[in-house]
Every structure is written in C-alpha cells, then in structure tokens.
Amino acid sequence: MEEVALRLQTFANAHPNALAFRLGGDEFVIHFSHASDIKKMSRLAEQVLENLTIWDANYQLSTSIGIAMYPGDYAITLKTLLKNADYALNLAKASGKNTYKFFEL
C-alpha cells in the first residue's frame with residue numbers, strides 16, 4: 001500500500017488543485033477541485049490507471065476507480081459524495097479490472 005500511496009501522492013502533486021488521501025485499507029481518494037468536465041475526468045482516470053500499473057511477477061495490482069462529480073454550486077455532503085463514489089467504484093469492480101465508472105446525478 002505504501003507504493004500505491006506514494007504514486008497517488010506524486011500524481012496529485014503534479015496536478016494543480018488536486019489532493020490525495022487514504023480512506024483506509026486499500027481505498028484512496030483523489031479530489032480535483034476544478035475538474036468539471038467528464039472528458040477531463042476520464043483523462044485523469046486513465047492517467048491514474050497508467051500510474052498504478054505495476055509489472056512484477058511477485059506483486060499484482062489492479063485498480064478500480066469510482067468517480068463522483070458535482071457542480072461547484074451544488075450542495076452535497078462529504079458523506080453523500082463518498083457514497084456516490086463508492087457506488088461508482090462497485091460498478092467499476094463489477095465490469096472488470098483496471099477501469100473506472102462515473103456516478104451520475
């Protein structure tokens with residue numbers, strides 16, 4: 001998990017207005033405060049998948065990403081936002097490895 005955390009932190013540091021943190025276990029969050037476009041978020045998700053690709057015979061890693069977007073003027077609690085992202089994450093896990101899905105409002 002340390003390698004994953006390091007890679008995600010490095011990724012977030014390379015993007016303005018991004019913040020990465022670990023929720024617990026093997027779940028992490030990256031918050032992009034100015035990514036309001038689905039195409040842009042898709043590109044960022046693809047970059048995260050690329051950054052987490054680790055090829056090692058002794059270590060296998062697959063990544064599933066759940067994305068919850070919201071407009072800046074939309075009132076939403078952190079609890080609801082995380083619940084929405086978790087729902088999208090479960091969709092991604094169900095559709096295969098190394099993919100992402102969006103929660104749609």
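S.K.: Could you give me a rundown of the overall build of the protein chain, with the residues and numbers involved?
M.R.: Scanning the protein chain from terminus to terminus reveals three helices and four strands. Seen in sequence order, the protein chain has helices and strands lined up from the N terminus as α-β-β-α-β-α-β. Over its C-alpha atoms the protein chain spans a radius of gyration of 14 Å, differing by no more than 12% from the 13 Å that the globule rule assigns to 105 residues. For the protein chain, the spread of C-alpha atoms along the principal axes amounts to about 45 × 30 × 25 Å. Counting all 105 residues of the protein chain, 30% fall into the buried class. Taking all contacts inside the protein chain whose residues are at least 6 apart in sequence as the whole, residues at least 24 apart take part in 52%. Summed over all atoms, the accessible surface of the protein chain reaches about 7,300 Å², with 53% contributed by carbon and sulfur. The averaged location of the 11 negative side-chain charges in the protein chain is 4 Å from the averaged location of its 10 positive side-chain charges.

S.K.: Which residues make up the nonpolar core, and what are the values?
M.R.: It is characteristic of soluble globular proteins that their nonpolar side chains tend to be buried jointly. Phe 32, Met 41, Ile 65, Ile 67 and Tyr 100 are the most contacted members of the largest nonpolar core, which has 19 residues in total. If you list the elements that add at least two residues to this core, you get helix 1 (2–13), strand 1 (18–24), helix 2 (38–51), strand 3 (64–68) and strand 4 (99–103). Take this core: its biggest share by element is five residues, from helix 2. Look past the residues within four positions of Met 41 in its chain and what remains in contact with it is Phe 32, Ala 35, Ile 67, Met 69 and Phe 102.

S.K.: Hey, could you go over the confidence of the model for the protein chain for me, with residue numbers and the actual values?
M.R.: Averaged over all residues, the pLDDT of the protein chain equals 88, while 97% of them reach at least 70. Model confidence for the protein chain, summarised as mean pLDDT per element, is weakest for helix 1 at 89 and strongest for strand 4 at 95.

S.K.: Mind laying out the packing of helix 1 against helix 2, listing which residues take part and the relevant values?
M.R.: At their nearest, the axes of helix 1 and helix 2 sit 10 Å apart, and the two run at 140 degrees to each other. Taken together, the axes of helix 1 and helix 2 are oblique relative to one another. Both helix 1 and helix 2 take part in a crossing whose hand is right-handed. Contact residues: helix 1 offers Arg 7, Leu 8 and Phe 11, while helix 2 offers Leu 44, Gln 47, Val 48 and Asn 51. Along the lines of polarity and charge, the residues of the contact of helix 1 with helix 2 split into four nonpolar, two polar and one charged.

S.K.: Could you give an account of the packing of aromatic side chains, naming the residues involved and the relevant values?
M.R.: One pass over the full model with this rule turns up three aromatic pairs. Both rings, one in Tyr 87 and one in Phe 103, keep their centres 5.9 Å apart while their planes meet at 90 degrees; by these two values the pair is edge-to-face. Placement of the pair is Tyr 87 in helix 3 (residues 78–94) and Phe 103 in strand 4, with a sequence separation of 16 residues. Measuring from centroid to centroid gives 6.1 Å for Tyr 100 and Phe 102, while their planes differ by 80 degrees, and the two rings are edge-to-face. According to the relative accessible area criterion, Tyr 100 is buried, its value standing at 16%. The class for Phe 102 is buried, based on a relative accessible area of 18%.

The rules behind each value
Residues numbered from 1 in each chain as written. Predicted model: local features only at pLDDT ≥ 70, side-chain atom pairs only at ≥ 80, totals over all residues. Heavy atoms only, no water. Helix = DSSP H or I, 4+ residues; strand = E, 2+ residues; numbered from the N terminus. Rg over C-alpha atoms; globule rule 2.2 N^0.38 Å. Buried < 20%, exposed > 50% of the residue type's maximum accessible area, 1.4 Å probe, protein only. Contact = heavy atoms within 4.5 Å. Areas by Shrake-Rupley, 256 points an atom, 1.4 Å probe, with all protein chains shown as cover. Lys, Arg positive; Asp, Glu negative; His and termini not counted. Charge placed at Lys NZ, Arg CZ, Asp CG, Glu CD. Core = buried A, V, L, I, M, F, W, Y, C linked by side-chain atoms within 4.5 Å. pLDDT = per-residue confidence, 0-100. Axes fitted to C-alpha atoms, helices over the stretch in contact; angles between N-to-C directions. Parallel < 35°, antiparallel > 145°, perpendicular 65-115°, else oblique. Left-handed = near helix turned anticlockwise from the far one by under 90°. Nonpolar A, V, L, I, M, F, W, Y, C, P; charged D, E, K, R; others polar. Phe/Tyr/Trp six-rings, centres within 6.5 Å; stacked < 30°, edge-to-face > 60°.

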